[in-house]
Amino acid sequence: MQIYILLTENCNLNCEMCIRGFQTGVDMKINDLTSVVEKNDLSNHDIVVTGGEPSIHNEYTSIVDILCKKSKTVTVTSNGTLPLHIDDLNNYDNLFFQISLDGDRETHDAIRGKGSFERTWKNIRLLDSEKMKYSVASVISKKNINDIYRLIPLLQDLSNMRFWKISYEMPFGSADINNIITADEWNDFVQAIIKRVNFRLRIHKLFPFDLYDKNKNILDKDDINRVRNINCGSGRTKIYIYPDFNVYPCTCLTDFCLGNLMENTLDDIINSENNIPFSDYRICEESVCKDCEYKKYCNGGCIGMSYHFFGKLGMGDIRCPKLNVK
C-alpha cells in the first residue's frame, strides 16, 4: 500500500492548483507519530511524506528518519523552495524525493510565485550533484500545457533524475473545476510529449479507449482486482493520514473518515466497514457507466470526480467522453 502522511497543513506557497489548498493549519506531533509507527507494521508499505510543505515542519528530518527505519520506501514530496536537509538524510537507500516543477522559469513562477523557480531549481541541482534518488513532478493545466515543452532541455541535462512524472491537474482544493482540460486534449498532449522526451517519463492517458480495444485480449485475462485499482486504488492500495491521524481513502474524499490511528490500527481501519465503499468500489445502477463496454477496464474512473460532481459515489468520472457531461 502507498500511505500518504501529511506532516503539516502549513505551506510557504499558495499555488492556485493545489489539490488540498493548505496554507495554514496544524502540524503532526512527532511523539504521536512515533507511537503510531510502533503500533503498526509499515515494513511492506511505501510511505509518501507530504503536506502542505513537509520540509516546513520543525521535526521534518526526525520524522523522515523514523519512517525510513520502519517502512519499505519513503518519498518526500516537496515544492523544493526550502532546504531539504539532504546532508542529514543521505544515509538511507530507501529514501526518495519528488520535487514539483511546472515549467521553465517564466511558466513556473507564474503558477507558483515569483522567485520559486530559482529556489526549486537550485534544490534539484543539489539533489542531482549529490546523486540522491529523486524525480521531478509537473502538474499540467490549461496554464502550462502549451509551455511545458520548454522544460525538456533543462531536465535532459540532469544526470541522476530517475524520471519525470507528469500529472493531470485535479479540480480539488484550490483548483477550479472550470479550468480542467478534456480527456481528448490530455490524450493528445500525452502523445505529443512522449514523442519529444528521450529520457524516462511517467504519464498515462485518460480513458484510452483505443488502447483498451487494442489490448482487449490481454486485459480480459487480468484479475478484476487489478482493474479496480485503475480508480487510483483509493482505500485499497492508497490511503491518506492527516496531521490529526484521521485516515481517508483519498485526499479528495475527506468527507469519508475511515478511522483514527490514535484509536485503531491501520489494518483494522483498512478492513473496516467504513472502507468497503472504496476498497470494493462499484458503479451505481443509475450510472451511465453501468452498461458501458469499457466499465470493466476503468471501473468508473476517479472516485473523487464522481463524489464532487454528482454528489454520490459510483456515478462515473466527468472527464470521460462516454458520460457526455457538459
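Use the structure listed above.
These lines cover the structure that appears in this document, whether it is placed above or below. (Residues numbered from 1 in each chain as written. Predicted model: local features only at pLDDT ≥ 70, side-chain atom pairs only at ≥ 80, totals over all residues. Heavy atoms only, no water.)

1. Considerations on the nonpolar core
- Judged by nonpolar contacts, the single largest core of 96 residues is most densely connected at F97, L155 and W164.
- The biggest single contributor to this core is helix α2 (residues 60-70), with 6 residues.
- Core analysis: the second largest hydrophobic core is formed by 5 residues, C11, L13, M17 and I111 among them. (Core = buried A, V, L, I, M, F, W, Y, C linked by side-chain atoms within 4.5 Å. Buried < 20%, exposed > 50% of the residue type's maximum accessible area, 1.4 Å probe, protein only. Helix = DSSP H or I, 4+ residues; strand = E, 2+ residues; numbered from the N terminus.)

2. What to know about helix α1 (residues 30-39)
- What α1 keeps buried is the set I30, L33, V36 and V37. Along the long axis of α1, the arc covered by the buried residues comes to 120 degrees, so they all point the same way. Turned more than 90 degrees off the buried face of α1, the exposed positions are N31, E38 and K39.
- Along its buried surface, α1 packs onto α2. (Arc of directions from axis to C-beta. Contact = heavy atoms within 4.5 Å.)

3. Section: the pairing of strand β8 (residues 238-241)
- Covered by surrounding structure in β8 are K238 and Y240 together with I239 and I241, the residues of both alternating faces.
- Across 4 bridges, the pairing between strand β1 (residues 2-6) and β8 is parallel. Bridge pairing links I3 to I239 in β8.
- As defined by bridge partners, β8 adjoins strand β9 (residues 246-248) across 2 bridges and the pair is classed as antiparallel. Looking across to β9, one finds that Y240 is bridged to Y248.
- The turn linking β8 back onto β9 is made up of 4 residues, and F245 within it adopts a positive phi angle of 75 degrees. (Pairing = 2+ DSSP bridges.)

4. Considering a positive patch on the surface
- There is a patch of like positive charges on the surface, built from K133, R162, R200 and R202.
- The topology assignment puts K133 in the loop between α4 (116-129) and β5 (134-140). (Patch = residues over 30% accessible without salt bridge, like charges linked within 9 Å, V, L, I, M, F, W, Y side chains within 5 Å. Areas by Shrake-Rupley, 256 points an atom, 1.4 Å probe, with all protein chains shown as cover. Salt bridge = Lys/Arg side-chain N within 4 Å of Asp/Glu carboxyl O. Lys, Arg positive; Asp, Glu negative; His and termini not counted. Charge placed at Lys NZ, Arg CZ, Asp CG, Glu CD.)

5. Quick look at the sheet that holds β5
- Pairing is mixed in the open sheet, where 10 strands are placed in the order β7-β6-β5-β4-β3-β2-β1-β8-β9-β10. Where the open sheet ends on each side, the last strands, each with one partner, are β7 (201-202) and β10 (259-260).
- Where β1 meets strand β2 (residues 46-50), 5 bridges bridge the pair, whose relative direction is parallel. Within the sheet, the bridge partner assigned to L6 lies in β2 and is T50.

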